[in-house]
Amino acid sequence: MDSLNNLISKEEQDFFHTYKRLSMIVERGEGCYLYTDKGEKILDMFGGLAVNSLGYNHPRINEAIEAQIKKYIHVSNFFYQEKQIALAEILLKFTGFSKVFFSNSGTESTEAAIKLIRKYFIGTGRKELVSFSGSFHGRTMGALSLTSRKKYRELYAPLLEGVAHLEFNSIKDLEENINENTAGIFIECIQGEGGVNFAASEFVNKINELKRKFEFIVVADEIQSGIGRTGKMHGFEHFGLEADIILLAKGIGGGLPLGAVLGSSRVENVFTYGDHGSTFGGNPVAAACGIVIFEELQNGMLNNNAVLGKYLMNSLKSIQSRNPEKITDVRGKGLMIGIQLSFPGQPVVEKLIKEGVLVNCTNENVIRLLPPYIITEKDIDMFTEKFESVISSGL
Ligand SMILES: *Cc1c(COP(=O)(O)O)cnc(C)c1O
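My aim in this report is to walk through the structure given alongside it, one point at a time. (Residues numbered from 1 in each chain as written. Predicted model: local features only at pLDDT ≥ 70, side-chain atom pairs only at ≥ 80, totals over all residues. Heavy atoms only, no water.)

**A short note on the overall build of the protein chain**
Along its length, the protein chain carries 12 helices and 17 strands. A compact globule built from 395 residues would reach a C-alpha radius of gyration of about 21 Å, and the protein chain, at 21 Å, matches this within 12%. Judged by the C-alpha coordinates and their principal axes, the protein chain covers about 60 × 55 × 45 Å. Burial statistics for the protein chain: of 395 residues in total, 55% are counted as buried. Taking the intrachain contacts of the protein chain between residues at least 6 apart in sequence as the baseline, contacts between residues at least 24 apart amount to 71%. Surface summary for the protein chain: the accessible area is close to 18300 Å², and the carbon and sulfur share equals 52%. Of the charged side chains in the protein chain, 42 are positive and 47 negative; the average position of the first set lies 1 Å away from that of the second. (Helix = DSSP H or I, 4+ residues; strand = E, 2+ residues; numbered from the N terminus. Rg over C-alpha atoms; globule rule 2.2 N^0.38 Å. Buried < 20%, exposed > 50% of the residue type's maximum accessible area, 1.4 Å probe, protein only. Contact = heavy atoms within 4.5 Å. Areas by Shrake-Rupley, 256 points an atom, 1.4 Å probe, with all protein chains shown as cover. Lys, Arg positive; Asp, Glu negative; His and termini not counted. Charge placed at Lys NZ, Arg CZ, Asp CG, Glu CD.)

Right under this line is the structure:
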């Protein structure tokens with residue numbers, strides 16, 4: 001195998017420099033752990049960015065993949081596909097929603113929802129889309145138009161017209177900007193990239209109230225917080241948001257690319273033949289993995305995510321109480337947790353890697369935890385011990 005330095009220089013030469021990579025070579029993953037070429041064992045508290053729901057080398061995921069690849073790995077959406085249909089039935093059963101469209105990624109799910117909203121209001125002149133500060137909805141041109149961070153958006157004008165970026169949790173902003181021109185509101189009730197920020201319940205109530213008045217479409221972006229991560233099937237269920245559309249991706253394929261858009265009965269007849277499509281969308285191998293994840297969630301894992309999340313949260317709160325000047329807030333639900341520091345988080349990430357723990361830093365100073373659902377109390381204890389020692393050391 002190439003040495004790390006060799007790979008670094010090839011990457012530097014060959015790639016558009018869109019990613020900052022970690023300085024290590026992963027040889028394999030097992031459970032919640034990554035193993036490097038140097039034999040280091042690293043606890044992955046980041047789960048491939050909320051993707052590896054069941055960790056690495058999970059026997060049931062592997063089995064599902066093997067069984068499906070022996071049948072077919074792709075046949076195109078000209079065909080009825082058993083695994084797609086089985087997964088769709090599960091998704092609808094758990095949400096009470098009415099229709100599914102499968103995509104391959106989060107940004108594609110957002111795009112599909114934008115198109116659905118456009119078509120729903122066709123001929124009415126209603127076009128305005130709303131998203132909130134701190135939000136992330138993807139990076140293709142439509143989804144990017146909704147994503148809040150200016151740094152991601154400003155280089156790519158012109159973006160979609162008629163997008164209002166309102167202040168997250170500002171009721172005043174809702175009251176002043178939402179009206180009969182509003183076509184759709186996109187919201188992450190628990191913001192991921194923005195730093196694990198919760199929607200306030202009065203804010204969600206106000207959206208519900210305005211929706212009854214103006215009848216816009218509400219899109220719950222559950223791409224990061226969905227599929228059981230927060231201890232409920234979808235994050236917005238904690239908040240009582242009256243969503244018409246749910247966006248899914250990341251954890252739904254357990255590591256394979258898959259996304260989904262779910263629509264309530266209100267929007268069930270919007271798309272018809274040819275209105276939208278995707279060559280790869282709903283890949284049967286990925287769908288087979290999605291089925292396994294839901295089976296595991298049903299077999300106690302969903303509740304376990306809530307219980308383990310509380311356990312982790314309690315440990316972090318006591319670490320916070322011992323380091324109040326360094327940790328200003330710990331927040332989250334289930335296995336989606338943000339630890340707000342009073343200083344930049346990247347050095348903490350790097351120190352923790354040296355200690356054998358992988359976490360992520362988002363929004364400058366929020367340490368974000370998105371561990372696989374198979375994490376144990378013992379793993380959590382190891383993490384919190386190392387985290388506390390790094391935090392209490394002179395950074
Ligand atoms: C990651 C993410 C997206 C974009 O998903 P991709 O698969 O990277 O396109 C959109 N919304 C939220 C909330 C996300 O976390």
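**A word on the sheet that holds strand β1 (residues 26-30)**
As summarised here, the arrangement of the 4 strands in space is β1-β2-β3-β15, forming an open sheet in which the pairing is mixed. One side of each edge strand has no neighbouring strand; the edge strands of this open sheet are β1 and β15 (357-358). (Pairing = 2+ DSSP bridges.)

**Focus on the site of the ligand**
Every residue close to the ligand is listed here: S105, G106, T107, F136, H137, G138, E188, D221, I223, Q224 and K250. In the model, a nitrogen atom of the ligand is placed 2.8 Å from a nitrogen or oxygen of the D221 side chain. Between K250 and the ligand, the recorded distance is 2.6 Å, taken from a side-chain N or O atom to an oxygen atom. In terms of residue class, the shell around the ligand is built from 2 nonpolar, 6 polar and 3 charged. (Near = heavy atom within 4 Å. Polar contact = N/O pair within 3.5 Å; in protein donor to acceptor, adjacent residues only side chain to side chain. Nonpolar A, V, L, I, M, F, W, Y, C, P; charged D, E, K, R; others polar.)

**Regarding the sheet that holds strand β14 (residues 336-341)**
Strand order in the open sheet formed by 4 strands is β13-β14-β17-β16, and the pairing between neighbours is antiparallel. Of all strands in the sheet, those bounded by a partner on one side alone are β13 (327-333) and β16 (360-362). The mean inter-strand angle of the sheet, taken between neighbouring strand axes irrespective of direction, is 25 degrees. Direction of pairing for β16 relative to strand β17 (residues 366-369): antiparallel, over a ladder of 3 bridges. (Axes fitted to C-alpha atoms, helices over the stretch in contact; angles between N-to-C directions.)

**Overview of helix α11 (residues 346-354)**
Listing the buried residues of α11 in full gives V348, V349, L352 and I353. Angularly, the buried residues of α11 cover 135 degrees about the axis, an arc narrow enough to put them on a single face. As for α11, its buried residues are in contact with β14, β15, β16, β17 and α12 (377-392). (Arc of directions from axis to C-beta.)

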